[in-house]
Amino acid sequence: MTTYENIQVETKGRVGIVRLNRPKALNALCAALIVDLGHALDAFEADPGVGCIVLTGSDKAFAAGADIKEMKEKSYQDVFLQDFITVGWEKVSQVRKPIVAAVAGYALGGGCEMAMMCDFIIAADNARFGQPEITLGTIPGAGGTQRLPRFIGKAKAMDLVLTGRMMDAAEAERCGLVSRIVPLDKLMDEAIAAAEKIASMSLPATMVAKEAVNQAFETPLATGIRFERRTFHATFAFDDRVEGMNAFADKRKAAWKHR
Ligand code: CO8
């Protein structure tokens, strides 16, 4: 397996795990880390042995944001010409296999935005989420002003983006940012168990389910429902749809052809 400077990768069964690994900078998301992450995600996407990905950090920080020290000297020309953020960062939201964020400690700025690009977030009880960019004289730039209100509503999103305050795991669960909270020492076990469960399903069904839920954030309701209906119809072309329904009727476990 490839080794990287800023991340660690491993597989457990059918689960691909990416761990952000810049402990001295609380996993601040520097350009080199984003490149490493892109390569690792591409490799897991292409690996037929991987059915779900877990993205995590350390016990202290999922990621404390974009790397401020790397960013601070950039000019408008630099960020405009590089299309800073778009290139590389969007990869997490473009992965077609499911991706679970396992968040402990700080998920701030670009770290919170990266967690939101995953399909859902499992939080350790010490997790803290925030968009503190306003305290740096700037604003979220990797989707924070758009994804956060969709997930937690305008009032909470404005509160976080305008004050720059952090919210703890309990508040994040109450407002729907995270799917569940688990004790810190159980975080990876829980995230891997969820990912293993997902990876045990038919991969094409899983991929279209993800695509359909994501449509809810892109389209008006009637258009989304139509997309869902057509996609549901399309699943009738899957070998695994035939197998899944036959297995139910035969009272046996489905033997998926495509995982
Ligand atoms: N960038 C660079 N270095 C960082 C960052 C960061 N975001 N966060 C922490 N570090 C470094 C610190 O400078 C420190 O380094 P050193 O030991 O060399 O001084 C080390 O990590 C440890 O940090 P602290 O000593 O500050 O640790 P504390 O436990 O005292 O505090 C905090 C932890 C509260 C998380 C604090 O470090 C902090 O406030 N960090 C900055 C949080 C922040 O403002 N994040 C938003 C960044 S802006 C952003 O994300 C914009 C997103 C747009 C997309 C970006 C595309 C690239």
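Starting afresh in each chain, residues are numbered from 1 along the sequence in its written order. Local features in this predicted model are restricted to residues whose pLDDT is 70 or higher, and side-chain atom pairs enter the listing and the counts only when it is 80 or higher, whereas totals over whole chains, interfaces and linings include all residues. Side-chain numbers here rest on the full set of heavy atoms in the structure, without hydrogens or water.

**So, the packing of aromatic side chains**
Stacked, tilted and edge-to-face are the three classes applied to pairs of Phe, Tyr and Trp rings, where Trp contributes its six-membered ring and a pair requires centres within 6.5 Å; stacked means planes under 30 degrees apart, edge-to-face means over 60, and tilted covers the rest. On inspection of all chains with the given rule, the structure shows 3 aromatic pairs. Between Tyr-76 and Phe-80, the ring centres sit 5.8 Å apart and the planes meet at 20°, which makes this aromatic pair stacked. With Tyr-76 and Phe-80 both in helix 3 (residues 76–82) and 4 residues apart, this pair spans about one turn of that helix. Judged on exposure class, the residue Tyr-76 and its partner Phe-80 are both exposed. Summarising the aromatic geometry, the rings of Phe-232 and Phe-236 are spaced 5.3 Å apart at their centres and angled 80° between planes, so their arrangement reads as edge-to-face. In this text, helices come from DSSP runs of H or I with a minimum length of four residues, and strands from runs of E with a minimum of two, each type numbered from the N-terminal end. Exposure categories follow from relative accessible area, calculated using a 1.4 Å probe and restricted to protein chains: below 20% of the type maximum is buried, above 50% is exposed, and the middle band is partly exposed.

**Observations regarding the site of the ligand**
What makes a residue near a molecule or strand is one non-hydrogen atom of that residue sitting within 4 Å of it. If you check the shell around the ligand, you find 26 residues, and the closest are Ala-66, Ile-68, Lys-69, Ile-85 and Gly-110. Side-chain atoms alone can form a polar contact between residues adjacent in sequence; in general such a contact is a pair of N or O atoms within 3.5 Å, and within protein one must be able to donate a hydrogen while the other accepts it. One of the backbone nitrogen or oxygen atoms of Ala-66 is found 2.8 Å away from an oxygen atom of the ligand. One of the backbone N or O atoms of Ile-68 is found 2.9 Å from a nitrogen atom in the ligand. Computed with the Shrake-Rupley method and a 1.4 Å probe, the accessible areas treat only the protein chains shown as cover for residues. Relative to its unbound accessible surface of 1100 Å², the ligand loses 68% to contact with the protein. Elements that contribute at least two residues to the shell around the ligand include exactly helix 2 (68–71), strand 6 (106–108) and helix 6 (110–117). For the shell around the ligand, the element with the most residues is helix 2, which contributes 3 residues.

**Some remarks on helix 13 (residues 239–249)**
For the α-helix, the turn length of 3.6 residues means that residues three or four positions removed from each other point alike. Along helix 13, the residues classified as buried are Asp-240, Glu-243 and Ala-247. Projected down its long axis, helix 13 carries its buried residues within an arc of 55°, all on one side. Across helix 13 from its buried face, at more than 90 degrees, point the exposed residues Phe-248 and Ala-249. On its buried face, helix 13 sits against helix 11 (203–215). Think of it as the arc spanned by the lines of direction from the helix axis to the C-beta atoms. Should any heavy atoms of two residues lie within 4.5 Å, those residues are considered in contact.

**Concerning the domain arrangement of the protein**
Once the domains are mapped, the protein shows domain 1 (7–199) and domain 2 (202–250). At the junction of the two partners, domain 1 supplies 10 residues and domain 2 supplies 6 residues. Contact with domain 2 buries surface across domain 1, with Arg-96, Asp-119 and Arg-150 losing the most and accounting together for 49% of the total. Any Lys or Arg side-chain nitrogen located within 4 Å of an Asp or Glu carboxyl oxygen qualifies as a salt bridge. Where domain 1 meets domain 2, there are 1 salt bridge. Here Asp-119 and Lys-210 are joined by a salt bridge, their closest N and O atoms 2.9 Å apart. There are 4 residue pairs in polar contact (both at pLDDT 80 or more) connecting domain 1 and domain 2. Charged means Asp, Glu, Lys or Arg here, nonpolar means Ala, Val, Leu, Ile, Met, Phe, Trp, Tyr, Cys or Pro, and polar covers whatever is left, Gly included. Residue composition of the side of domain 1 that touches domain 2, by class: 5 nonpolar, 1 polar and 4 charged. All domain edges in this entry derive from an automatic or database-based domain assignment. Reported buried area values correspond to the accessible surface (1.4 Å probe) lost by two parts on association, with both partners' losses combined.

**Description of the sheet that holds strand 8 (residues 128–130)**
Spatially, 4 strands are ordered 4-6-8-9 in an open sheet, and the strand pairing comes out mixed. The strands lining the two open edges of the sheet, one partner per strand, are strand 4 (61–63) and strand 9 (166–168). In this sheet, adjacent strand axes meet at a mean angle of 20° when their direction is disregarded. Pairs of strands are assigned from DSSP output, requiring at least two bridges between the strands. Bridging between strand 6 and strand 8 involves 3 bridges; their strand directions are parallel. Bridge pairing in strand 8 places Tyr-106 opposite Arg-128. The axes used here are C-alpha line fits, helices contributing only the stretch in contact, and every angle between their N-to-C directions lies in the interval 0 to 180 degrees.

**Regarding the packing of helix 6 against helix 7 (residues 144–152)**
At a minimum axis distance of 10 Å, the contact between helix 6 and helix 7 shows a crossing angle of 55°. Relative to helix 7, helix 6 is oriented oblique. Read as a crossing pair, helix 6 and helix 7 show a hand that is left-handed. Here Glu-113, Met-116 and Met-117 of helix 6 lie close against helix 7, whose contacting residues are Gly-144, Arg-147, Leu-148 and Phe-151. The residue inventory of the contact of helix 6 with helix 7, partitioned by class, reads 4 nonpolar, 1 polar and 2 charged. Orientation is classified from the angle alone, with under 35 degrees giving roughly parallel, over 145 giving roughly antiparallel, 65 to 115 giving roughly perpendicular, and any other angle giving oblique. The sense of a crossing depends on the near helix, which, turned anticlockwise from the far helix by less than a right angle, makes the crossing left-handed and, turned clockwise, makes it right-handed.

**Brief notes about the pattern of salt bridges**
Under the definition given, this model contains 12 salt bridges. We note a salt bridge from Arg-252 to Glu-243, for which the minimum N-O separation is 2.7 Å. Given the relative accessible area of 38%, Arg-252 is considered partly exposed. On the basis of relative accessibility, which here comes to 16%, the residue Glu-243 falls in the buried class. Among the ionic contacts, a cluster of salt bridges with common partners joins Lys-156, Asp-159, Arg-165 and Glu-171.

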